[in-house]
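# An overview of the molecular structure
Listed below are the residues making up each chain.
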Amino acid sequence: SETVFEIAIGLLVVADYSPLTCGCTIIAIDVATGAQRWRTRLKAAGIIDHSLYSNRVNLDIEGNRVIVMGDEWRNYIEVLDLETGRILGRRIVQE
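A quick note: this is a predicted structure, and the numbers were derived from the prediction, not measured. (Residues numbered from 1 in each chain as written. Predicted model: local features only at pLDDT ≥ 70, side-chain atom pairs only at ≥ 80, totals over all residues. Heavy atoms only, no water.)

A few words now on the overall build of the protein. Secondary structure assignment for the protein yields 0 helices and 8 strands. Counting all 95 residues of the protein, 39% fall into the buried class. Long-range contacts, defined as pairs at least 24 residues apart, comprise 40% of the intrachain contacts of the protein with a sequence gap of at least 6. Here the protein displays about 5500 Å² of accessible surface, and carbon together with sulfur accounts for 52% of that area. (Helix = DSSP H or I, 4+ residues; strand = E, 2+ residues; numbered from the N terminus. Buried < 20%, exposed > 50% of the residue type's maximum accessible area, 1.4 Å probe, protein only. Contact = heavy atoms within 4.5 Å. Areas by Shrake-Rupley, 256 points an atom, 1.4 Å probe, with all protein chains shown as cover.)

We now examine the pairing of strand 3 (residues 25-30). Most of strand 3 is tucked away: 5 of the 6 residues are buried. Looking at chain direction, strand 2 (residues 11-16) and strand 3 are connected through 6 bridges and run antiparallel. Looking at strand 3, one finds that A15 is bridged to I26. Of the strand pairs in this sheet, strand 3 and strand 4 (residues 36-41) are connected by 5 bridges, and their pairing is antiparallel. Paired with A28 across the strands is W38, a residue of strand 4. Linking two consecutive strands that pair antiparallel, namely strand 3 and strand 4, is a turn of 5 residues; a positive phi of about 80 degrees is found at G34 within it. (Pairing = 2+ DSSP bridges.)

Have a look at this one:
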């Protein structure tokens, strides 16, 4: 299922974002200890005039990857490594 958080291999992965501002930060928290394992600020779609703005983010975990799907003024997909939070790939999706 897609939501703003997922749990896998003992990590709670959360998308921290505002629906009224651009961007998103993905945070991984160790479920057993509550300690933050990593934090990654996404590149997202970029900044525009906020009077026309909305920001929605979903995420899913597939294997050892966190797939983030963002819907800002342009749609984007970013793929992160589940263990480290390193960005593995990014693509702006035109509609």
